[in-house]
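Structural characterization, general
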Amino acid sequence: MIFNCGKFQLDLSQPRVMGIVNVTPDSFSDGGKFNTTEKAIEHALQLVEEGADILDIGGESTRPGATPVPLDEELNRVIPVIEGLRHVGVPLSIDTYKPQVMQAAIAAGADIVNDVCALREPQALEIVAASQAGVCLMHMQGRPQTMQANPEYDDVVKAVKDFLAERLMAAEQAGIDRSRIVLDPGFGFGKRTAHNLSLLNHLNDIQALGLPLLIGLSRKSVLGQVVGLSVDERLHASIAASVISVMKGASIVRVHDVKPTVDAL
Ligand code: 7PM
């Protein structure tokens, strides 16, 4: 299958690795923008050297439980990084649910919109439809601030599949061709450990929707539950999770640790 995304046509007959680029000021910085931009670009270049096929650039507005980042601040973080990376040779993904950030990021050179809200914000469908960008439609139950409080499902696999089918239909009706869309069950987004494991075991049910799957399990708490380790000790579980995901049909894995993932795949 081919994933049409912006300037690229990504061949998904082999698994692809999406490297995570967080654009967040570190606690030592004075809040100066230059340092944050430079560090993110440097990290991104390192990930490309390690074999990343896609870079996912985020200003941290979508992290579960994270304090929301104001629009202006998110733009100030991600746009200079996209501008600095637009000629690196791999597709750039913008991790945001905010339509204004999508629009500015696409104008700055982003090829993919990675939206944990699956284009449900007003104008999001229209902005992506008016571009050539690819899009990742992800499932999330609830909203980032509260979604892990008490996630409940009758049948988590059916709920995720039905939601993604509905968002796929909305995207196509807005004029986004299927060849521009990938789907993501949204591990950890309003899901308990049992829900996450059930989704991983039944990934083929989601795959039956007929579109490529993107999976993000890197360092997530479900892996911590399985191996009983803290977030900085989850490298090996994360690599295993990427390999399992691909063996179960995933086309793209979204990871922090690119080199070991590429080697393992
Ligand atoms: C804390 C918990 C911090 C979780 C950050 C996270 C996904 C995503 C994220 C995913 C897609 C992380 C997550 N996860 N986008 N953004 N799929 N498409 O591990 O699973 O970075 S945020």
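Residues numbered from 1 in each chain as written. Predicted model: local features only at pLDDT ≥ 70, side-chain atom pairs only at ≥ 80, totals over all residues. Heavy atoms only, no water.

In terms of helices and strands, the protein chain carries 10 helices and 10 strands. The C-alpha atoms of the protein chain give a radius of gyration of 17 Å, which matches the 18 Å a tight globule of 265 residues would have. Taken along its principal axes, the extent of the C-alpha atoms in the protein chain is 45 × 45 × 35 Å. Counting the 265 residues in the protein chain, one finds 52% classified as buried. For the protein chain, restricting intrachain contacts to residue pairs at least 6 apart in sequence, the fraction spanning at least 24 positions comes to 68%. (Helix = DSSP H or I, 4+ residues; strand = E, 2+ residues; numbered from the N terminus. Rg over C-alpha atoms; globule rule 2.2 N^0.38 Å. Buried < 20%, exposed > 50% of the residue type's maximum accessible area, 1.4 Å probe, protein only. Contact = heavy atoms within 4.5 Å.)

Now for the site of the ligand. In the neighbourhood of the ligand, 14 residues make up the surrounding shell, with Arg-63, Asn-114, Asp-184, Lys-220 and Arg-254 lying closest. A distance of 2.7 Å separates a nitrogen atom of the ligand from a polar side-chain atom of Asn-114. One of the side-chain N or O atoms of Lys-220 is found 2.6 Å from an oxygen atom in the ligand. Taking 480 Å² as the accessible area of the ligand by itself, protein coverage stands at 82%. Counted by class, the shell around the ligand contains five nonpolar, four polar and five charged residues. (Near = heavy atom within 4 Å. Polar contact = N/O pair within 3.5 Å; in protein donor to acceptor, adjacent residues only side chain to side chain. Areas by Shrake-Rupley, 256 points an atom, 1.4 Å probe, with all protein chains shown as cover. Nonpolar A, V, L, I, M, F, W, Y, C, P; charged D, E, K, R; others polar.)

As a further point, take the sheet that holds strand β4 (residues 54–58). The sheet built from eight strands is open, its strands ordered β8-β7-β6-β5-β4-β3-β10-β9 with parallel pairing. The strands lining the two open edges of the sheet, one partner per strand, are β8 (181–184) and β9 (214–215). Here four bridges tie β4 to strand β5 (residues 92–95), and the two strands are oriented parallel to one another. From the neighbouring strand, Ile-57 faces β5, where its bridge partner is Ile-94. Contacting β3 (16–22) and β4, helix α1 (residues 33–49) runs over the sheet at an angle of about 165 degrees to β3. (Pairing = 2+ DSSP bridges. Axes fitted to C-alpha atoms, helices over the stretch in contact; angles between N-to-C directions.)

Glancing now at the side chain of Thr-96. Tracing the sequence through the fold places Thr-96 in the loop between β5 and α3 (99–108). Overall, the relative accessible area of 0% leaves Thr-96 in the buried class. Within polar-contact distance, the side chain of Thr-96 engages the side chain of Glu-74 at 2.7 Å. Not counting the four nearest positions on each side in its chain, Thr-96 is found in contact with Ser-61, Thr-62, Glu-74, Val-101, Met-102, Asn-114 and Asp-115.

Scanning the entire structure with this criterion turns up zero disulfides. You can see Cys-5 has no disulfide; the closest cysteine sulfur is in Cys-136, sitting 12 Å from it. (Disulfide = S-S within 2.5 Å.)

It is at 9 Å that the axes of α1 and helix α2 (residues 71–85) come closest, and there the two elements cross at 45 degrees. Classified by the angle between their axes, α1 and α2 sit oblique to one another. Seen from above, α1 lies across α2 with right-handed handedness. Residue-level inspection shows Lys-33, Thr-37, Ala-40, Ile-41, Ala-44 and Leu-45 of α1 in contact with α2, the latter providing Asn-76, Pro-80, Val-81, Gly-84 and Leu-85. The class makeup of the residues in the contact of α1 with α2 is seven nonpolar, three polar and one charged. (Parallel < 35°, antiparallel > 145°, perpendicular 65-115°, else oblique. Left-handed = near helix turned anticlockwise from the far one by under 90°.)

Glancing now at helix α5 (residues 156–173). End to end, α5 covers 26 Å across 18 residues, agreeing with the expected 26 Å (1.5 Å per residue, within 8%). When we look at burial in α5, the residues that qualify are Val-156, Val-157, Val-160, Phe-163, Leu-164, Arg-167, Leu-168, Ala-170 and Ala-171. Taken down its axis, α5 places every buried residue within 165 degrees of arc, on the same side. Buried residues in α5 make contact with α4 (124–129), β7 (134–138), β8, α6 (193–201) and α7 (203–207). Capping the start of α5, Asp-155 holds a side-chain oxygen 3.2 Å from the backbone nitrogen of Val-157, two or three residues further along. In the segment just after α5, Gly-175 is the residue with positive phi, at about 105 degrees. (Expected span 1.5 Å × (residues − 1). Arc of directions from axis to C-beta.)

Turning to the packing of α5 against α6, a few remarks are in order. Relative placement of two packed helices is described by the angle separating their axes and the distance separating the axes. Their axes nearest at 9 Å, the elements α5 and α6 cross at an angle of 70 degrees. By the angle between their axes, α5 is roughly perpendicular relative to α6. Seen from above, α5 lies across α6 with right-handed handedness. Within the contact between the two elements, α5 uses Val-156, Val-157 and Val-160 and α6 uses His-195, Ser-198 and Leu-199. Classifying every residue of the contact of α5 with α6 by side-chain character gives four nonpolar, two polar and no charged.

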